[in-house]
Amino acid sequence: YTATWTGLVQAPAAVVGIPALLGVTWLIARGVDGRRLMLVGVAIVVGGFYWMSRMNVYLSPGEVAAPRAVQVFGLVLILIPLMSAAYQSVPREQVA
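Overview of the structure.

## Remarks on helix H3 (residues 61-87)
Thinking step 1. With 27 residues, H3 extends 38 Å from end C-alpha to end C-alpha; this agrees with the ideal 39 Å at 1.5 Å per step.
Thinking step 2. Residues of H3 that are buried: Val 64, Ala 65, Pro 67, Ala 69, Gln 71, Val 72, Gly 74, Val 76, Leu 77, Ile 78, Ile 80 and Pro 81.

Rendered as structure tokens:
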């Protein structure tokens, strides 16, 4: 693969990740328990890792892009609640 093809293969992950980021942020703002979101996120990431473990060297770009998009969706479900919990203990005057 060239650098251009590598970027095009990774682009669907961003297309999935940005709306997921907005959706998870909205859910947390509405009071959904972040621990449940993180648990679902871990399960999705593990599923994505398993999907990628079944790959071989004879793949098309689409066969690489789909499991990567699944992994990014799971990572959003893990990292956004984690960052939200980390910032809850920071005093408002220390937040930029």
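## What about the nonpolar core?
Thinking step 1. Residues Ala 20, Val 24, Leu 37, Val 76, Leu 77 and Ile 80 constitute the largest nonpolar core, which totals 6 residues.
Thinking step 2. Listed by contribution, the elements that provide at least two residues to this core are helix H1 (3-29) and H3.
Thinking step 3. If one sorts the elements of this core by residue count, H3 sits on top with 3 residues.
Thinking step 4. Once residues lying within four places of it in the same chain are set aside, the contact partners of Ile 80 are Leu 21, Val 24, Thr 25 and Ile 28.

How each quantity is defined
Residues numbered from 1 in each chain as written. Predicted model: local features only at pLDDT ≥ 70, side-chain atom pairs only at ≥ 80, totals over all residues. Heavy atoms only, no water. Helix = DSSP H or I, 4+ residues; strand = E, 2+ residues; numbered from the N terminus. Expected span 1.5 Å × (residues − 1). Buried < 20%, exposed > 50% of the residue type's maximum accessible area, 1.4 Å probe, protein only. Core = buried A, V, L, I, M, F, W, Y, C linked by side-chain atoms within 4.5 Å. Contact = heavy atoms within 4.5 Å.

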